[in-house]
Amino acid sequence: MTPSDYEYLRKLLKERSGLDLSADKQYLVESRLLPVARKAGLAGLTDLVQMLKGANAEQLVVDVVEAMTTNESFFYRDKLPFEHFCDTIMPALFNQRAAQRRIRIWCAAASTGQEPYSLAMCLKEMGSLTAGWRIEIIATDLSNEVLEKAKAGIYSQFEVQRGLPIQLLVKYFTQVGDAWQIAPDVRAMVQYRPLNLLGDFAHLGTFDVVFCRNVLIYFDQETKSGVLDRIARITDRDGYLVLGAAETVIGLTDSFKPVNDRRGLYAPNAVVKASGPVKAPPALRIVAGAR
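Residues numbered from 1 in each chain as written. Predicted model: local features only at pLDDT ≥ 70, side-chain atom pairs only at ≥ 80, totals over all residues. Heavy atoms only, no water.

Undergrad: I'd like a rundown of the overall build of the protein, residues and numbers included.
TA: For the protein, the helix and strand inventory stands at 12 helices and 10 strands. Across its three principal directions, the C-alpha atoms of the protein cover 60 × 50 × 30 Å. Classification of the 291 residues of the protein by burial places 51% in the buried group. The contacts in the protein between residues at least 6 apart in sequence include a share of 73% that link residues at least 24 apart. Accessible surface for the protein amounts to roughly 13400 Å². Of this, 51% is attributable to carbon and sulfur atoms. (Helix = DSSP H or I, 4+ residues; strand = E, 2+ residues; numbered from the N terminus. Buried < 20%, exposed > 50% of the residue type's maximum accessible area, 1.4 Å probe, protein only. Contact = heavy atoms within 4.5 Å. Areas by Shrake-Rupley, 256 points an atom, 1.4 Å probe, with all protein chains shown as cover.)

And the structure:
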């Protein structure tokens, strides 16, 4: 692959997915895109770039973007965000939304579904606390391929061993051959939709909680700021934003502020949550601590 080929791919990936590749990541591009080239019957990446520049290349562009997008995910990843969900977010929303009895949650980079299904299992474990409530989980991702896997809810033995407590595996999964499928009632709690975070997503409506974890780290500063500002516009003024462990709003936007003593948890700037601990019902705390 020539330097000009790599520059073309860098520009294409940034425009289509927000992925901001540094100049020294050519090895990564080669390792991920050579299989795409071979699948298309091409000799190498130079031929791939030429085809991308031609007419009717949209499906090939999609294949390239999906191959370069990192889709690693696992159940209850990093644990702390799910503790915040159970101990802080949901108790507050049960109180604040008592009149409407409706809560909307958005997982903005759902990948293969482990994050939204982890949230769905958290809600299941709350039992009667959610009775009479309409709680929606909207899960989106750029990649249609991973969304199809998420909808099926089928995971390998390795995937269910990564972060999923054994008691929840037994309770909410059925063994299918060498794999495990999450229960139909849990799958039904999540709506999957394709979405590019670089575009407008106002059509999704307003949310009480937004999980946007481990995706901003791949964007440049300007793109991060734009995504966060657009998220702020569809987050309720007393809602919450949850970011990944290596992500922050500091220096990127004034639309959100950190919630004191809750690492990775943010509130719209108009209303910053009280820093004192919120006592969660026992059922919520059990789920948060399960490993």
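From this point on, the discussion continues.
Undergrad: Tell me about the packing of aromatic side chains, residues and numbers included.
TA: Applying the stated rule across the entire model yields nine aromatic pairs. When the centroid spacing of 5.2 Å and the interplanar angle of 75 degrees are considered together, the rings of Phe75 and Tyr155 count as edge-to-face. Pair noted here: Phe75 is in the loop between α4 (58-68) and α5 (80-96) and Tyr155 is in strand β3 (residues 154-156), with a separation of 80 residues, a long-range link. On the basis of relative accessibility, which here comes to 0%, the residue Phe75 falls in the buried class. (Phe/Tyr/Trp six-rings, centres within 6.5 Å; stacked < 30°, edge-to-face > 60°.)

Undergrad: Quick rundown of the nonpolar core? Include the residues and the values.
TA: If you look at the biggest cluster of nonpolar residues, it comprises 47 residues, and the most contacted ones within it are Phe75, Phe85, Met90, Ile105, Met121, Leu164 and Phe173. The dominant element in this core, judged by the number of residues it contributes, is α5, at eight residues. Once residues lying within four places of it in the same chain are set aside, the contact partners of Ile105 are Phe85, Leu119, Leu123, Ile135, Glu136, Ile137, Ile138, Phe207 and Val209. In this structure, Leu195, Phe219, Ile231 and Leu252 belong to the second largest nonpolar core, which totals 24 residues. (Core = buried A, V, L, I, M, F, W, Y, C linked by side-chain atoms within 4.5 Å.)

Undergrad: So, the side chain of Thr130: which residues are in play, and what are the values?
TA: The topology assignment puts Thr130 in the loop between α6 (114-125) and β2 (134-141). One polar contact links the side chain of Thr130 to the main-chain carbonyl oxygen of Gly127, over a distance of 3.0 Å. (Polar contact = N/O pair within 3.5 Å; in protein donor to acceptor, adjacent residues only side chain to side chain.)

Undergrad: Account for the sheet that holds β3, with residues named and values stated.
TA: Pairing is antiparallel across the open sheet formed by three strands, whose spatial order is β3-β5-β4. Strands at the two margins of the open sheet, each flanked by one partner only, are β3 and β4 (173-176). Averaged over neighbouring strand pairs, the angle between their axes works out to 35 degrees when direction is ignored. (Pairing = 2+ DSSP bridges. Axes fitted to C-alpha atoms, helices over the stretch in contact; angles between N-to-C directions.)

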